[in-house]
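# Structure at a glance
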Amino acid sequence: MIEVRSLEIRGSHDAQILGGVSVCLESSRILAAVGGSGAGKTTLGLALLGFVRPGMRKVGGEVRYGGQELFDLSETELRRFRRESIAYLPQNPASTLTPTMRVEDLVEERRLAKSEPTNQLLEQVHLPSDRSFRRRFPHQLSIGQQQRVAMARAIANQPRLLVLDEPTSSIDPTTQRLMLSLVERLRDDLGAATLLISHDLASVARMADEVVVLRHGEIVERGAALRVLHSPVDSYSKALVSASPDIAVDQPPLAPNTDEPAPVLRVISLSAQFVLGRGRGARTIRAARDVSFDLAPGETFALIGRSGSGKSTIARVLVGLHPPESGEVLLNGFSLPPLLRRRDGKQRAAIQLVPQNPEESFNPRRTVGDGILRSIRQTRGLSGSAATGRLAELLEQVQLEPALARRRPHELSGGEQQRAAIARALAAEPEVLVCDEITTALDTIVQSQIVDLLQQIQRDTGISLVFITHDLALAHEFAHRVGVLSEGKLVEVAEMADFVNHPQASESRELLDAASSLSRTLAARQNSDDDLPAVAAS
Amino acid sequence: MTFLAAQQILAVGWRRARPARVSSVTITLLIVLLAVLIMALFGPMIASHDRGEVVSLPFDAAVGFFGSDHLGRDVLSRILHGGRPIVIIPLVATSLATLFGGVLGVAAAALRRDDVIMRVMDVFAVIPSILVALVLFHRFGAQHWVLALAVVIVSIPFTTRYARAAAFPIIHSAYVEQARMIGESAATIMVRDVVPNLARPLLADAGLRFIGAIYLVAAAGFLGFGPPPPSTDWGSMISENIGGAGLNPWATIAPSLMVLILTIPVNLLADRFARQVAR
Amino acid sequence: MTAGLHNAARYAIWRLTALVATLLAVSVILFAAVEWLPGDPAQQILGINATPERLDVLREQLNLNDPVPVRYGRWLWSTLQGDLGESVRTNQSVAAIIARPALNTAMLALVAFVAITVVALFLAALGGMRDGTKTSTLVSVTTLSAVSVPEFIIAGILISVVGLELGWLPAVSLVPSEGTPLSRPEILVLPVISLSIVGGAYGARLIRAAVADAARMPHVQAARLAGLTESRVLIRHLLPSAIPPSVQVLAFMVPFLVGGAVVVERIFAFPGLGSQLVDRIALRDAPVIEAIGLIQAATVIVGFQVADVVGFLASPERRTAR
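Residues numbered from 1 in each chain as written. Chains lettered and ligands numbered in written order. Predicted model: local features only at pLDDT ≥ 70, side-chain atom pairs only at ≥ 80, totals over all residues. Heavy atoms only, no water.

## Regarding the confidence of the model for chain B
Residue and element names in this part refer to chain B. Confidence along chain B averages 82 in pLDDT terms, with 90% of residues attaining 70 or more. Across chain B, helix α8 (residues 174–181) holds the top mean pLDDT of 92, while helix α1 (residues 3–11) sits lowest at 43. Across residues 1–19, where pLDDT falls below 50, the model places 39 contacts with residues more than four positions away in sequence or in other chains. (pLDDT = per-residue confidence, 0-100. Helix = DSSP H or I, 4+ residues; strand = E, 2+ residues; numbered from the N terminus. Contact = heavy atoms within 4.5 Å.)

So, in structure tokens, the structure goes:
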């Protein structure tokens, strides 16, 4: 239906974004493009709409729809193609909604004569279709509702082509399932062809017929989805598949590498809230209600919860950046002052934070090495060659090339930034490392490297980790124990192995069901018949 | 990577930031601006006549390079004399306004209850700047420092508002939090984190403010509040000689051109700089 | 949508309070500034040969012996009742003195404001939404150069070339004694051009930046990728985000006009509020200065408030409660 032939796209300084990519989307088929960040997946997806982002340009190849080269079309013809034949859903679907337009107008303007009425479109995405809902503005909807409106808007023109860019990354499991069923309907009813861009191999395994693996703008492997994901040939594909966190793969039983019974950190009935927004629109969010847990020396405790549930606030309370409402934090049995400025140097050094976005945590006008050195000087009191010597050790410990430490934060890749942030935290020689969603922004392979690194450091130093994440599958690979947060409450605390096999709370079961598992999905699809392509075994 | 090699690499000055690429247009503009500044500063030393010296009948186009003015004084010499106030006053005033605005803005951004500072600024922002200037002139006389004071007073509400907006994301940034977490003092954080990151946006804003200051100084000269005769500035020269434009147009055109040669490069440079900062 | 109404009402009350509070604060500063002017009004009125007795009598008449706060209170009270007082110079009522100049300036400023808006929107549109095209670069350099030319230089050039050399338009903008500037519209041309070149160029730059910011928003890009017509993208998706900042830019033209008018009126000998202000400050005619200052400040405040109201109306998030 749409064919991309040796497409070449270059960015600034002639950097290759796509180097001769050829794919073919066929009617009623789902093609998935997988690969790390910077592989050119989104650029490929946008090229299917005849669009190249500003700063990039197409230097060769073609994109043909119905035999017609899209990049040769006139403005009007191209607009018509986008209007009538294709739908594009970007990574953050809610951001596509114009804040000054009402729900009904947003959906209505994408409808064509052949389309279903707006009411039905809204019902298809499980939204109310009454007048008062249709008259709402995006800001009056929950984030999940916004995503559904964006979906209704996308499918309103009954597209024959569908481009989904990382659809699952910002969406909760229920909405994810809805989206998958919509894609199926379009495929079955209209014979729509779909390009699914994703780094989540489990969701690819669930849906895709075919897979292309992209790396640095080139296709390194292609083939039937089950084959590629089950037994990849290319070394990069292999790395990608093996790095994919999998809840169903049993982990070797982990034991903390010390047998000291006394916990290094005790959190006792901690409650905290934060205020979202400023002025009259401000809302108070309860991030923690009566949260208690212990952390043993050398132990990794995973704190799991949905994105946006305020998990970061707990991390900030632990390091003293956010005042708790009530409750207590004990370090080695002694109560910690709630606020940073009341803590002494030892107390500050003992608990270090690795932040969600490492780039923003380094002064942009200084090198990352300077940031690490500063921590060495300030927390350990070293100076001169003693400090640079310590810096070299730290860089070696986090496996970061010393030359990179002389760069400024934005000149490093995401993984390198995160290693630098870890080195800076280790500079204080802490007893507890609080990791706040540190792998969220990274692609799968880098993610697993960072997790390996943390395990290595823990083996070497006996440090304790509080690993805050929404990714249960990832946490289950290396956390000893797990705590499940739901609306600020810790609904379950358990040993990881017990938790995976016998979850107690209903939230825990939901999390387990939603957790990514490539092997489980592959097995489910292999068992089902080929002419009955299964969706969502869960 | 061995430990030794690592240390060697680290030993080579590593706070060194990469040099920014500078375009030829920027260099040209800087040269023009520098030339005007040098002329304004050292002009009085190379002028062939004193600023008050009468060399001919009024508006004689044939005398000297630009002819003579409404009192028969040499226009070129007066231009060479008239650059200092219009360059130095805005320069000093803009620096002070940026400094005070920066301090107030940072304070407003750092304090929880910043309303008081900003409300006061809102009030001062709506008071007509000409009125402020005129009151000051009548109170203290039309002296250079009064002119500078007037510019500072009318600029501060705007520099403060800008500085607050620029400082807010810096003061609440993750890297400032990071510095607090390792127990750095407020003074250190200010010097190492806040000021270096605030300097560029503030400088870009100061470039635009500088133009406004030149306007006000020139306008004051034009309205008759320039420094007392025979001293002069380019703004006053325009107003003095505009009546004789038919006899010796250069007496008006030359100072007008001088103002433009000063303001246009400053504006273009400030714009380029501001865009770089925004990037 | 009672919630919406409720919000609008709260907003209106808040705005009005802010307006009144700012005006009050301005009036205090104005009064203090005028008090602070050097010289004794009584002495100035009677001249240096006045006897101390006569000075005392006059001071008593003018209530100059009362403490400053008392006089401020009295002035504020009568101003609130619409009585601006009398000139200490001529005994004419302030209202009579400033009525004509105020009308003249209002006309000049209004025409200039319209001209600035038209020029700014035209240049902003000409520059287009994308950087890097030839036209956009040309517009950018032209507007940047134009904002570097102080209005009195433009005025000077216009007077010498168009007014004196060519004689096409009057170089001096005297308003006929019986009538308004509109009865001789040609006198407005040169002053308006002087005011609107800088303002228009400045406005064009900022408005273009506002539109470019809006064009980069994800929902605008999404609307383009959805294949909507360019006019629909513009009207429904882009402009609602670009209008509030653009109106803000235009509001900033009000103080610019208030200040610029003083200089331009002076150059063209236009009998407006600005010329009046310069003269009356020299005469230390306190009631007139205070009245003019208040009018100018109020105009600026109203301009800002209008911009804020537009921003409020254009934003459903502010208009409706959550």
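## Thoughts on the interface of chain A and chain C
Contacts between chain A and chain C engage 24 residues on the former and 24 residues on the latter. Roughly 2,300 Å² of surface becomes buried between chain A and chain C when both sides are summed, with 56% attributable to carbon and sulfur atoms. Counting across the chain A and chain C interface gives two salt bridges. R236(C) is paired through a salt bridge with D105(A); the nearest N and O atoms lie 3.5 Å apart. (Buried area = accessible area lost by both parts, 1.4 Å probe. Salt bridge = Lys/Arg side-chain N within 4 Å of Asp/Glu carboxyl O.)

## Digging into the confidence of the model for chain C
Residue and element names in this part refer to chain C. Considering every residue of chain C, the mean pLDDT works out to 84; 96% of them sit at 70 or more. Mean pLDDT across the elements of chain C bottoms out in helix α2 (residues 41–46) (72) and peaks in helix α9 (residues 218–225) (92). This complex was scored by the predictor with a pTM of 0.83 and an ipTM of 0.81.

## Here we look at empty space enclosed by the protein
Under the counting rule described, the total for this entry stands at five cavities of 30 Å³ or more. Here the largest cavity defines a volume of roughly 150 Å³. If you trace the largest cavity, you find 17 residues lining it, with S361(A), N363(A), G371(A), R374(A) and R424(A) closest to the centre. Sorting the residues of the lining of the largest cavity by element identifies α13 (368–380) of chain A together with α8 and α9 (186–225) of chain B as the ones contributing at least two each. No other element matches α13(A), which puts five residues into the lining of the largest cavity. (1 Å grid on protein atoms, 1.4 Å probe; cavity = no way out; pocket = protein on both sides within 12 Å on 5 of 7 lines; lining within 4 Å. Points joined across faces, edges and corners; volume = space filled by probe spheres on them.)

## With respect to the environment of V22(B)
The topology assignment puts V22(B) in the loop between α1 and α2 (24–46). Distance in space between the C-alpha atoms of V22(B) and V152(B) is 31 Å, their sequence separation being 130 residues.

## Section: the packing of helix α15 (residues 414–427) of chain A against helix α16 (residues 444–461) of chain A
Residue and element names in this part refer to chain A. Interaxial distance between α15 and α16 falls to 10 Å at its minimum, and their mutual angle equals 20°. It follows that α15 is roughly parallel to α16 by the angle criterion. The handedness of the crossing between α15 and α16 is right-handed. From α15, G415, Q418, R419, I422 and L426 reach across to α16, where they touch V446, Q449, I450, L453, L454 and I457. Classifying every residue of the contact of α15 with α16 gives seven nonpolar, three polar and one charged. (Axes fitted to C-alpha atoms, helices over the stretch in contact; angles between N-to-C directions. Parallel < 35°, antiparallel > 145°, perpendicular 65-115°, else oblique. Left-handed = near helix turned anticlockwise from the far one by under 90°. Nonpolar A, V, L, I, M, F, W, Y, C, P; charged D, E, K, R; others polar.)

## Notes on helix α11 (residues 273–283) of chain C
Burial of α11(C) is extensive: eight of the 11 residues sit out of reach of the surface. Those residues of α11(C) not exposed but buried are L273(C), G274(C), S275(C), Q276(C), L277(C), V278(C), R280(C) and I281(C). Buried residues belonging to α11(C) abut α6 (129–140) of chain B together with α5 (94–127), α10 (230–267) and α12 (286–314) of chain C. R284(C) lies just past α11(C) and shows a positive phi near 55°. (Buried < 20%, exposed > 50% of the residue type's maximum accessible area, 1.4 Å probe, protein only.)

## What to know about unusual backbone geometry
Residues and elements named next belong to chain A. With a phi angle near 50°, Q158 is a residue other than glycine that sits in the positive phi range. Take Q158: it is sitting in the loop between α6 (143–155) and β7 (161–165). Even without being a glycine, Q399 presents a positive backbone phi close to 55°. Residue position: Q399 is located in the loop between α14 (384–397) and α15.

## Description of the domain arrangement of chain C
Residue and element names in this part refer to chain C. Split into domains, chain C comes out as domain 1 (2–78) and domain 2 (101–284 + 296–307). Computed over C-alpha atoms only, the centres of domain 1 and domain 2 are separated by 32 Å. Contact between domain 1 and domain 2 buries roughly 840 Å² in total, counting both sides, with carbon and sulfur atoms accounting for 60%. Across the domain 1-domain 2 interface, the total number found is zero salt bridges. In this structure, the connection of domain 1 to domain 2 is made through three residue pairs in polar contact (both at pLDDT 80 or more). Listing elements by their share of the side of domain 1 that touches domain 2, those giving two or more residues are α1 (2–36) and α2. At eight residues, the largest contribution of residues to the side of domain 1 that touches domain 2 is made by α1. For the side of domain 1 that touches domain 2, the class distribution of residues is eight nonpolar, three polar and two charged. (Domains from an automatic or database assignment. Polar contact = N/O pair within 3.5 Å; in protein donor to acceptor, adjacent residues only side chain to side chain.)

## Considering the pairing of β7(A)
Residue and element names in this part refer to chain A. In terms of burial, β7 is largely enclosed, as five of its five residues are buried. Because side chains alternate across β7, one face comprises the buried residues L161, V163 and D165, and the other comprises L162 and L164, equally buried. Relative to β7, strand β6 (residues 86–89) runs parallel, the two sharing four bridges. What sits directly across from I86, in β7, is L161. Across five bridges, β7 lies against strand β8 (residues 193–197) in parallel orientation. By the bridge assignment for β8, V163 is matched with L195. (Pairing = 2+ DSSP bridges.)

## A short note on the packing of α11(C) against α12(C)
Residue and element names in this part refer to chain C. In contact at an axis separation of 9 Å, α11 and α12 are set at 145° when each is read in the N-to-C sense. In this structure, the crossing between α11 and α12 has a hand that is left-handed. In this structure, α11 contributes L273, Q276, L277, R280 and I281 to the contact, and α12 contributes V288, I289, I292, I295 and Q296. When the residues that make up the contact of α11 with α12 are grouped by side-chain class, the tally is seven nonpolar, two polar and one charged.

## Examining the nonpolar core
One finds I86(B), W234(B) and F152(C) to be the most contacted residues of the largest nonpolar core, which totals 140 residues. Per-element accounting of this core gives the leading share, 14 residues, to α10(C). Looking at this core, you find at least three residues from each of domain 1 (2–78) and domain 2 (101–284 + 296–307) of chain C. Excluding residues that lie within four positions of it along the chain, I86(B) makes contacts with I214(B), V217(B), A218(B), W234(B), G235(B), V259(B) and L262(B). The next biggest cluster of nonpolar side chains, apart from the first, holds 52 residues, and it includes V34(A), L127(A), I155(A) and A225(A). (Core = buried A, V, L, I, M, F, W, Y, C linked by side-chain atoms within 4.5 Å.)

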